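If you want the building blocks of each chain, they are given just below.
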Amino acid sequence: MKNTFIGFFKADDVEAIDDKESVFLFGVPFERVKATRGGSKKAPEALRKQSLEFSGISTDFDINEEKTNFYDLGNIHPIKQKREIGKIWKKSVETNSKILVLGGDHSITYDTLINAPWDKDTALIWIDAHADLADEYPPGIFKSHGTVFTNLKEELELKKEQMLFIGGHAYTLTSTEFHKIQKENTTNYISTQKLLENKGEGLETLREFASRFKTIYLSIDADALDQAFVPTVATMEPFGITPSVLVEILNILLPKSKYVDFVELGYTRTNKIALNFGVGLIFRILEIWSNKS
Ligand SMILES: [Mn+2]
């Protein structure tokens, strides 16, 4: 790690941290299967570097004032350093801290959440253009960014009642995923179409879902946003949500979110729109966490 995210202290050893209500940030620069253009493994370092272009100060929030308890734990390899992820979860429980993860492709959500504490009062919510509920993707591969929520559901024995998928506007879902959502009721879902056409009702459904849980684990795939906002992600999709709708969703979910990850962020040397959006999104998350919870 060359730079820490602006406003964060570099911390090499999570076990040495004793501050209560901290934020633990770490990167997982990892792509499990090359099925699409890829590039998201470069995002953690790029987001940190791009964050230095910002002051971290808005009218309502000054990240520098939080500096005592924002820790950047560096990058973690999800397989070789599996134990590190366990240590971070343990410390987050002991200190009532939150975890913010920069992916990597969407498969890293499996690695971080398979090590998380779970109970019936904990919900898994993901915002994504795609359901990521395939049984195998690509064919013959059972663990990838396309199967992550099937893997978590099966291995953690999660119930439908504690799963909510927001998005799904892409016309590239598999028929297995369509079937799981529409016929088998594998997960609760709020479609992007519904959210944009009747936002009030969509957000009310979301509020009602969130009210049933003590803890939320939230995963945000960059491609949930309309392609105009993230034109360099590997699987950009039209008809996605806007940043302001995303913030409305975050305002509802973040007060209960102990864990947030942001994955699948691709950028190029000449087009940093998605990257800059990613930095702004992280600031928004920190701002909402600091003000409302
Ligand atoms: Mn995804």
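It should be emphasised that the depicted structure is a prediction, and the values quoted were computed from it without experimental measurement. (Residues numbered from 1 in each chain as written. Predicted model: local features only at pLDDT ≥ 70, side-chain atom pairs only at ≥ 80, totals over all residues.)

What follows covers the pairing of strand E8 (residues 215–221). Across the seven residues of E8, six count as buried, placing the element largely inside the fold. Bridging between strand E5 (residues 122–128) and E8 involves six bridges; their strand directions are parallel. Note that in E8 the partner of Ile127 across the bridge is Ile220. In this structure, E8 lies alongside strand E9 (residues 257–263), joined through six bridges in parallel fashion. (Buried ≥ 20, exposed ≤ 12 C-beta atoms within 10 Å, placed from the backbone. Helix = DSSP H or I, 4+ residues; strand = E, 2+ residues; numbered from the N terminus. Pairing = 2+ DSSP bridges.)

Where helix H8 (residues 243–253) is concerned, the buried positions are Val245, Leu246, Ile249, Leu250 and Leu253. Within H8, the buried residues cover an arc of 145 degrees as seen down the axis, which keeps them to one side. (Arc of directions from axis to C-beta.)

A separate point is the sheet that holds E5. With parallel pairing, the nine strands of this open sheet are ordered in space as E1-E3-E2-E4-E9-E8-E5-E6-E7. The strands lining the two open edges of the sheet, one partner per strand, are strand E1 (9–10) and strand E7 (188–191).

Here we take up the pairing of E9. Within E9, seven of the seven residues are buried, leaving the element largely enclosed by the surrounding structure. Of the pairings in the sheet, the one linking strand E4 (residues 98–103) to E9 comprises four bridges and is parallel in character. Paired with Leu100 across the bridge in E9 is Val260. Taken together, E8, H8 and E9 constitute a β-α-β crossover, and its handedness is right-handed. (Right-handed = clockwise from strand over helix to strand, strands pointing away.)

Turning to the environment of Asp261, a few remarks are in order. In this structure, Asp261 sits in strand E9. Residue classification places Asp261 among the buried residues on the basis of 23 C-beta atoms within 10 Å. Each residue touching Asp261, except ones within four places of it in the same chain, is listed here: Val101, Gly103, Thr109, Thr112, Ser219 and Ile220. (Contact = placed C-beta atoms within 7 Å.)

Another aspect to go through is the packing of helix H7 (residues 199–211) against H8. Packing of H7 against H8 leaves a shortest axis separation of 10 Å and a crossing angle of 25 degrees. Classified by the interaxial angle, the pair formed by H7 and H8 is roughly parallel. Both H7 and H8 take part in a crossing whose hand is right-handed. For the pair H7 and H8, the contacting residues are Lys199, Leu203, Leu206, Arg207 and Ala210 in the first and Val245, Glu248, Ile249, Ile252 and Leu253 in the second. A breakdown of the residues in the contact of H7 with H8 according to their chemical character gives seven nonpolar, no polar and three charged. (Axes fitted to C-alpha atoms, helices over the stretch in contact; angles between N-to-C directions. Parallel < 35°, antiparallel > 145°, perpendicular 65-115°, else oblique. Left-handed = near helix turned anticlockwise from the far one by under 90°. Nonpolar A, V, L, I, M, F, W, Y, C, P; charged D, E, K, R; others polar.)

Just distances and angles here, no functional claims.
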